[in-house]
Amino acid sequence: MIRLQDVTRIYSREGAAVKALDAVNLEVPTGEFASVTGPSGCGKSTLLNVLGGLDKPDSGELWVGDLPLHSATDAQLTAYRRNDLGIVFQFFNLLPSMTVEENVELPLLLRGEPSKKARPRAEEMLDLVGLTKRLGHFPHQLSGGEMQRVAIARALAGRPRLLLADEPTGNLDSENAARVTDTLLKIASQKIVTMIIVTHSSELAALAPLHIRMLDGKIL
Ligand code: ADP
Ligand code: ADP
């Protein structure tokens, strides 16, 4: 369960206070798929940043399971980001000099897993996103949709509790966006990882069982 209780994040801009998050209350059950929509500046990125442990609320409580992110130490946040979190970005962020398989394996190797374990896990995840045939290819040989599915496989490789995505279909044509959406729905149907996805796609947003609409730092 992800639980936000009166979470407020205030930025100062030219001397004035901007409430990027204004006493937000939210519960996302474990394994649920939630979409987040709202106009530019409504607080979507700030919500992802606090959920990702990159930013801390000024007040309120933010729990990921039994971990209180609002009061976590830097060491706890580092461990959380490494072990419990998968992130998918709009622009994929794959390493161009590594193959598809190496990109997916990398986070596992970086946290000290032997390649004997990392390799089959990477292959399992690439099978999940339908890219078994692309194992040995490099990112530049793939379509945008395929690159994003590699990024999804990479984000899931470490068995995160929470998958955060920031505009995962924002840089894709409709056909590639549809494939990425299908992949996300397939993962959601497994109900293993909690998914919170910021999107401008009303289609993707509507497919999520929980649709969070934001305005001016508040959840409508
Ligand atoms: P200050 O606290 O003095 O406003 P900051 O370093 O926080 O200084 O920000 C400098 C300027 O850049 C501010 O006008 C701020 O609104 C803007 N800014 C910084 N980051 C962002 C962001 N992520 N979104 C919107 N505006 C931002
Ligand atoms: P969204 O992702 O929905 O576009 P943001 O979370 O980026 O919204 O921003 C919410 C509000 O907080 C906006 O008014 C934005 O300008 C402000 N903001 C975000 N980050 C900063 C920052 N680092 N400094 C100042 N203002 C910021």
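Residues numbered from 1 in each chain as written. Chains lettered and ligands numbered in written order. Predicted model: local features only at pLDDT ≥ 70, side-chain atom pairs only at ≥ 80, totals over all residues. Heavy atoms only, no water.

- Identification of the protein chain as Putative ABC transport system ATP-binding protein from Terrimicrobium sacchariphilum is taken from an unreviewed UniProt entry.
- Here is the UniProt Sequence similarities (unreviewed entry) comment for the protein chain, exactly as written: "Belongs to the ABC transporter superfamily. Macrolide exporter (TC 3.A.1.122) family." (UniProt positions renumbered as here; feature names shortened; annotations may be inferred.)

**Here we look at the site of ligand 2**
- Around ligand 2 lies a shell formed by Tyr11, Arg13, Val18, Ala20, Pro39, Ser40, Gly41, Cys42, Gly43, Lys44, Ser45 and Thr46.
- Glycine 41 is positioned with one of its backbone polar atoms (N or O) 2.6 Å from an oxygen atom of ligand 2.
- In this structure, serine 45 approaches ligand 2 through a side-chain N or O atom, which is 2.6 Å from an oxygen atom.
- Here ligand 2 loses 67% of its free accessible area of 560 Å² to cover by the protein chains.
- Listed by contribution, the elements that provide at least two residues to the shell around ligand 2 are strand S1 (2-13), strand S2 (16-28) and helix H1 (44-51). (Near = heavy atom within 4 Å. Polar contact = N/O pair within 3.5 Å; in protein donor to acceptor, adjacent residues only side chain to side chain. Areas by Shrake-Rupley, 256 points an atom, 1.4 Å probe, with all protein chains shown as cover. Helix = DSSP H or I, 4+ residues; strand = E, 2+ residues; numbered from the N terminus.)

**A word on the environment of glycine 65**
- If you trace the backbone, glycine 65 turns up in the loop between strand S4 (59-64) and strand S5 (67-68).
- Here the alpha-carbon distance between glycine 65 and leucine 210, two residues 145 residues apart in the chain, equals 18 Å.
- Look past the residues within four positions of glycine 65 in its chain and what remains in contact with it is Met1 and Arg161. (Contact = heavy atoms within 4.5 Å.)

**Focus on the nonpolar core**
- Membership of the largest hydrophobic core comes to 36 residues, with the highest contact counts inside it found for Val104, Leu126, Val150, Ile152, Leu156 and Met195.
- With eight residues, the top contributor of residues to this core is helix H5 (residues 144-157).
- If we skip the residues at most four places from it in the chain, isoleucine 152 touches Val88, Val129, Val180, Thr183, Leu184 and Ile187.
- In this structure, Ile2, Val24, Val36 and Leu48 belong to the second largest nonpolar core, which totals 28 residues. (Core = buried A, V, L, I, M, F, W, Y, C linked by side-chain atoms within 4.5 Å. Buried < 20%, exposed > 50% of the residue type's maximum accessible area, 1.4 Å probe, protein only.)

**As for H1**
- The element H1 is extensively covered by neighbouring structure, given that six of its eight residues are classed as buried.
- Every buried residue of H1 is listed here: Lys44, Thr46, Leu47, Leu48, Val50 and Leu51.
- At the C-terminal side of H1, glycine 53 shows a positive phi close to 70°.

**A word on the pattern of salt bridges**
- If you walk through the whole model with that rule in mind, you get 12 salt bridges.
- When the shortest N-O distance is used, the salt bridge between aspartate 58 and arginine 9 registers 3.0 Å. Of this pair, aspartate 58 sits in the loop between H1 and S4 while arginine 9 sits in strand S1, placing them 49 residues apart in sequence.
- You can call aspartate 58 partly exposed: its relative accessible area is 45%.
- With a relative accessible area of 14%, arginine 9 lands in the buried category.
- For glutamate 124, the salt bridge goes to arginine 121, with nearest N and O atoms at 3.3 Å. With glutamate 124 and arginine 121 both in helix H4 (residues 115-128), this residue pair falls three residues apart, about one helical turn. (Salt bridge = Lys/Arg side-chain N within 4 Å of Asp/Glu carboxyl O.)

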